[in-house]
2 protein chains.
Amino acid sequence: MKIALAQLNYHIGNFEANTKKIIDSIHQARDNGADLVVFSELCVCGYPARDFLEFNEFIDLCEQAAQTIAKECTGIACIIGVPTPNNNPEGKDLNNSAYFIENGKVTAQVNKALLPNYDVFDEYRYFEPSTQFKCIDFKGKLIALTICEDLWNTIENPLYVTRPMDTLIKENPDVMINIAASPFAYNHDEERIAILKDNASRYKLPLFYVNHVGAQTELIFDGGSLVFDKDGKMVDEMPYFKESLCYYTLDDSGNISFEHESTIRGERQTDIEQIHQGLILGIRDYFSKSGFKQAILGLSGGIDSAVVCALAAEALGPENVMAVLLPSHFSSDHSIKDAEDLVKNLGCKSETIMIGNVTDSFEKALAQQFKNLPFNIAEENIQARSRAVLLMAMCNKFGYILLNTSNKSEAAVGYGTLYGDMCGGISVIGDVYKSQVFELAREINRDREIIPENTIVKPPSAELRPGQKDTDSLPEYDTLDAILVQYLEHRKSSAGIINQGFDEAVVRKVIRLVNLAEHKRYQTPPILRVSPKAFGMGRRMPIVGKYLT
Amino acid sequence: MKIALAQLNYHIGNFEANTKKIIDSIHQARDNGADLVVFSELCVCGYPARDFLEFNEFIDLCEQAAQTIAKECTGIACIIGVPTPNNNPEGKDLNNSAYFIENGKVTAQVNKALLPNYDVFDEYRYFEPSTQFKCIDFKGKLIALTICEDLWNTIENPLYVTRPMDTLIKENPDVMINIAASPFAYNHDEERIAILKDNASRYKLPLFYVNHVGAQTELIFDGGSLVFDKDGKMVDEMPYFKESLCYYTLDDSGNISFEHESTIRGERQTDIEQIHQGLILGIRDYFSKSGFKQAILGLSGGIDSAVVCALAAEALGPENVMAVLLPSHFSSDHSIKDAEDLVKNLGCKSETIMIGNVTDSFEKALAQQFKNLPFNIAEENIQARSRAVLLMAMCNKFGYILLNTSNKSEAAVGYGTLYGDMCGGISVIGDVYKSQVFELAREINRDREIIPENTIVKPPSAELRPGQKDTDSLPEYDTLDAILVQYLEHRKSSAGIINQGFDEAVVRKVIRLVNLAEHKRYQTPPILRVSPKAFGMGRRMPIVGKYLT
């Protein structure tokens, strides 16, 4: 039996484009002699469709798309993912389903049993979990078909009280197929491989796994679909961060062969290489799927905006990136020079707009109210907000989308101005710690100096008052980031972090800053997610809450 | 048996304050001869604690608080709500539990079975549902104790496949007690009464229901705890929007008596009366629980900011409200006069800051980039954003929180400037349609003219260009709001709405505008929720998604 795995990039709710893409792959797979082509979870509508799923019309359109696809599926079978109405009058309205399609008709339906409802996932908001499991008979082979999380219940730490494969295995299936929508985090590929390998070994069955690829606002799907043999050996690893259609032959003894050159990675990519590729895909899809081409950003001469500018130029083409220098009284000469060098290295567009007169006009307007009061954070924020108003005016006049350049460390401790440098349509590096931003700059510069060396080596500064340095009010970034990882990602208490050897006063200060900044993060743009715990939909904190560890 | 119901206002994660409040009520109830005092769902930590629940330390603090409370609970029994570790190694880490406490010890634990995971609720994110149900024996009476949603599975439209009371009733209990955290929406009191009445009648048991009161950022809890007799007759309705401790005597025949004057509402409050009270509580708690006293807002002379200003003055005291007039070249004389009249009527503080020089300075700074291009939305937005920068500078200098004054109709169609009039710490009327804002103004003026009549009767305008009116680009608000209710709250398709008799072009335009504004709403402040479907945590839409009905 020849099985094709279609790892494609869908657009949420774009039925026309998704349907066409699926049908094209069905035709292509049939022309290549495949018996079965497998698409990923909820492919007809894209994932996650979120509250679109609560509109009856949306569900009807999903079914119509599935029927259109079915009609084109002759001379080959396919598996597609589609949300379907729950036939049981009790429980939620929908199931997260897979359709098995043969001879132009849906011949079997499998519903997902294990519904992830943690971190970025909300599946229990929409779907009723399945409690019935049955294999699919196709050309003399019994297929144990499951959907993503259904294989994701580990023996050591079982998140769910059921395990669909434990029922399906009783039918003695010949092969496991799993369709998924498993979003990227820099450590997720290893976890995914380990869990799927464990399933193949435990049930002693070959396993074909098809994942989404492509970004949906903040969520990036990295592809990397996988094939395991019945001994749990990884037979193939499909490409990461791009579409792919691959063919595998499963013989009657359960052996798997294929003709293409395997894309199994000899050596795993580093975290930073993966983050780099993920962010490029994230930027590119955000623009293409929202129908925009041109990005704008403020270029300070610092490392954060330099890295974002370089990523944007790579993702969209330098001709589609407008870098705006917005110097104030407090901008250093080297900052302007560093920004100009970067623009030259990238070949992107640039403008310089002086903000001195604007900030002066604000201070004059407020002269009476602020009389005799010292320069403080109010005036610092006026600078950051004046820049935002200018950048947004450029967006409104010329149709740019503003890229936010805040990093995760800053976002964590609230080191940024709401409605100032925290503006933007999408936050590019808001899930990248400052220490990783430096690594990312080095990665970008691997072949040639794109980001000026001086930008990388000089001490970080917001340049909102004379001689300001980030370390005036924050610990060194290596220390800060290490504490943040413990608090944000491992959810340790301050006592637990202090026990690891960090200074007590620093730990308490950092955690306090993180908690006090919830109201700011609530109003920031969506953040491209690259870590297992990003700010945004995956971290939902009370704003007016008192708990401080 | 004398039962006390404690309807209290908790602060999320403020264990010291919550514990003290609970213990005070235990002592008071004991002094008043009660046998049992009942507190609401998850009262030890407040509701919803959201991802605080994922911190082990937070769960430990909940248990410590429960033990502190237990020690004080002698000579009386109590029921409190507390998150507890799930003892089953399979499934989620936590249960949403009720402790029954007697003689200083936890003598029984009940876990919630039906976990709401729709709209604003995310309980399946944290809790494993209970599958075991057992009554509690207390002083010869058998208590069927359930938690909120456990009674919320209607016969007509069952959202869940189990119904805890169907098991508990087999033990022949004497009384039902339900502890809840049921947030306010203007129609929710009627639904709540109907469902609880239905439970009392169906199981032929007296029912004591205790709800939270108080606001937690966007969620307002309205109290209104209820008592039903075994025939399903409402015996008492506790006050709405305020704390209360009431006593009831349940005799051996299941009859209920009490000595206080009943607060059953003869006539139900109107939607607008409820919204008015809800918003006052929402503002007051947002400020008190975040440790702020002083609000600021921009006063345009229009009805939205006038209503918000009046509500803020009522909630915080006029001495704690700073109204800032920020006239531009396009502000009409009557606007300034109307704003000044309001300030006078309220007795709040006010400042006037001219924005002409600021907007001029932006236009000069952009002169080269904008050369020969006509005035358009870019310049309009500069005005709105200049005002925001000035208001935020006042916040940063003096410690105000900015109140957002956008209404729900505007927020729906994106009629507002991101980082301009869409700024603020909390959105006061972001869940109130424009047509309801007019009613709210009349309600505020019920006893005397607070909001100038001219503010109410003049045609709404953003005054961002000469002679501008809202109806230049939007349908009349009555039509707009009627379409929005169908789309947002009833999730109708455009075809469905057009079938109701609305103009096709208008319907399509409105729905398109709503969908295109998702990226703006993503970055707006939390919105005080007063309707069954508010923007914010209860409505989770893709930003980069194509589906347009």
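Please read these numbers as outputs of a predicted model, since none were measured by experiment.

Concerning the overall build of chain A
Turning to step 1, where the next piece is worked out: In terms of helices and strands, chain A carries 16 helices and 20 strands.
Turning to step 2, where the next piece is worked out: Judged by the C-alpha coordinates and their principal axes, chain A covers about 85 × 50 × 50 Å.
Turning to step 3, where the next piece is worked out: Expressed as a percentage of the 549 residues in chain A, the buried residues total 65%.
Turning to step 4, where the next piece is worked out: Across chain A, every contact between residues at least 6 apart in sequence was considered, and the portion connecting residues at least 24 apart equals 74%.
Turning to step 5, where the next piece is worked out: Of the roughly 19,500 Å² of accessible surface on chain A, a fraction of 49% belongs to carbon and sulfur atoms.

Points about the packing of helix H8 (residues 356–365) of chain A against helix H8 (residues 356–365) of chain B
Turning to step 1, where the next piece is worked out: H8(B) packs onto H8(A) with a crossing angle of 180 degrees between their chain directions and a minimal axis gap of 9 Å. With respect to H8(B), the element H8(A) is oriented roughly antiparallel. Residues Asn357(A), Val358(A), Ser361(A), Phe362(A) and Ala365(A) of H8(A) form the contact with H8(B), whose participating residues are Asn357(B), Val358(B), Ser361(B), Phe362(B) and Ala365(B).
Turning to step 2, where the next piece is worked out: Considered class by class, the residues forming the contact of H8(A) with H8(B) number 6 nonpolar, 4 polar and no charged.

Section: the nonpolar core
Turning to step 1, where the next piece is worked out: Ranked by size, the top nonpolar core spans 141 residues in total, and within it Phe39(A), Phe58(A), Ile80(A), Phe39(B), Phe58(B) and Ile80(B) carry the most contacts.
Turning to step 2, where the next piece is worked out: Apart from the residues within four sequence positions on either side, Phe39(B) is in contact with Ala6(B), Leu8(B), Tyr10(B), Ile22(B), Ser25(B), Ile26(B), Cys78(B), Ile79(B), Ile80(B), Ile179(B) and Val210(B).
Turning to step 3, where the next piece is worked out: With 104 residues, the next largest nonpolar core counts Ala200(B), Phe241(B), Ile256(B) and Leu346(B) among its residues.

Observations concerning empty space enclosed by the protein
Turning to step 1, where the next piece is worked out: For the structure on display, the rule yields 13 cavities of 30 Å³ or more.
Turning to step 2, where the next piece is worked out: One number sums up the size of the largest cavity: a volume of about 760 Å³.
Turning to step 3, where the next piece is worked out: Tyr522(A), Gly536(A), Tyr522(B), Gly536(B) and Met537(B) are, among the 32 residues lining the largest cavity, the residues nearest its centre.
Turning to step 4, where the next piece is worked out: Within the residue set of the lining of the largest cavity, elements represented by two or more residues are helix H16 (518–522) of chain A together with helix H16 (518–522) of chain B.

A closer look at the sheet that holds strand E18 (residues 349–352) of chain A
All names here are of chain A.
Turning to step 1, where the next piece is worked out: Sheet architecture is open: 5 strands sit in the order E18-E17-E16-E19-E20, paired in parallel fashion. Edge positions in the open sheet fall to E18 and strand E20 (426–427), since each of these has one partner strand only.
Turning to step 2, where the next piece is worked out: As defined by bridge partners, strand E16 (residues 295–299) adjoins strand E19 (residues 401–404) across 2 bridges and the pair is classed as parallel. Of the residues in E19, the one forming a bridge with Ile-296 is Leu-402.

Observations regarding the interface of chain B and chain A
Turning to step 1, where the next piece is worked out: Tallying the contact residues gives 96 residues for chain B and 96 residues for chain A.
Turning to step 2, where the next piece is worked out: The junction of chain B with chain A conceals about 8,400 Å² of combined surface from both sides, 62% of it contributed by carbon and sulfur atoms.
Turning to step 3, where the next piece is worked out: It is Lys397(B), Val544(B) and Tyr547(B) in chain B that bury the most area against chain A; as a group they hold 10% of the surface buried on that side.
Turning to step 4, where the next piece is worked out: One can count 6 salt bridges joining chain B with chain A.
Turning to step 5, where the next piece is worked out: In this structure, the salt-bridge partner of Asp122(A) is Arg540(B), at a minimum N-O distance of 3.3 Å.

Points about the packing of aromatic side chains
Turning to step 1, where the next piece is worked out: Following the criterion strictly, the structure yields 36 aromatic pairs over all chains and no others.
Turning to step 2, where the next piece is worked out: Through a chain of ring-to-ring contacts, three or more aromatic side chains come together here, namely Phe15(A), Phe52(A), Phe55(A), Phe58(A), Tyr487(B) and Tyr547(B).
Turning to step 3, where the next piece is worked out: Stacked on the ring of Tyr247(A), the Lys or Arg Lys2(A) has its end atom at 5.2 Å from the ring centre.

Quick notes on the UniProt feature "binding site: deamido-NAD(+)" (unreviewed entry) in chain A
Turning to step 1, where the next piece is worked out: UniProt feature "binding site: deamido-NAD(+)" (unreviewed entry): in the numbering of this structure it lies at Asn381(A), Glu410(A) and Lys520(A).
Turning to step 2, where the next piece is worked out: Asn381(A) has contacts with Thr417(A) and Asn396(B), leaving out every residue within four places of it along the chain.
Turning to step 3, where the next piece is worked out: Mapped onto the secondary structure, Glu410(A) falls in helix H10 (residues 408–413).
Turning to step 4, where the next piece is worked out: For Glu410(A), a relative accessible area of 10% puts it in the buried group.

Each value, and the rule that gives it
Residue positions are given per chain, counting from 1 as you read along its sequence in written order. For this description, chains carry letters from A and ligands carry numbers from 1, given in the order in which they are written. Per-residue local features are limited, in this predicted model, to residues with pLDDT of at least 70; the limit for side-chain atom pairs, both in listing and counting, is 80 or more; totals at the level of whole chains, interfaces and linings are taken over all residues. Water and hydrogen atoms play no part in the side-chain values, which are based on all heavy atoms of the structure. Elements are defined by DSSP. Helices are runs of H or I of four residues or more, strands are runs of E of two residues or more, and each kind is numbered from the N terminus. Exposure categories follow from relative accessible area, calculated using a 1.4 Å probe and restricted to protein chains: below 20% of the type maximum is buried, above 50% is exposed, and the middle band is partly exposed. Whether two residues are in contact is decided by their heavy atoms, any of which lying within 4.5 Å being enough. Exposure was quantified through the Shrake-Rupley algorithm and a 1.4 Å probe, taking into account, for residues, occlusion by the shown protein chains and nothing else. Inter-axis angles, ranging from 0 to 180 degrees, are taken between N-to-C directions of lines fitted to C-alpha atoms, where helices are fitted over the stretch in contact. In this scheme, roughly parallel covers angles under 35 degrees and roughly antiparallel covers those over 145, while 65 to 115 is roughly perpendicular and the rest are oblique. Each residue is assigned to one class: nonpolar for Ala, Val, Leu, Ile, Met, Phe, Trp, Tyr, Cys and Pro, charged for Asp, Glu, Lys and Arg, and polar for all the others, Gly among them. We define the nonpolar core as a collection of buried residues of types Ala, Val, Leu, Ile, Met, Phe, Trp, Tyr and Cys that are connected through side-chain atoms lying within 4.5 Å of one another. Grid spacing is 1 Å over the protein atoms alone, the probe is 1.4 Å, and a cavity is where that probe fits but cannot get out, while a pocket is an open set with protein on both sides within 12 Å along at least five of seven lines and lining residues have an atom within 4 Å of a point. Grid points are joined across faces, edges and corners, and a volume is the space filled by probe spheres set on the points. Strands were regarded as paired on the criterion that DSSP finds at least two bridges between them. Reported buried area values correspond to the accessible surface (1.4 Å probe) lost by two parts on association, with both partners' losses combined. In what follows, salt bridge is the name for a side-chain nitrogen of Lys or Arg lying within 4 Å of a carboxyl oxygen of Asp or Glu. Think of it this way: a Phe, Tyr or Trp ring, Trp meaning its six-membered ring, pairs with another when their centres are within 6.5 Å, and the plane angle makes it stacked under 30 degrees, edge-to-face over 60, tilted otherwise. Over a ring means this: the NZ of a Lys or the CZ of an Arg is within 6 Å of the ring centre and within 35 degrees of the ring normal. UniProt positions are given in the numbering used here, feature names are shortened, and annotations may be inferred rather than shown by experiment.

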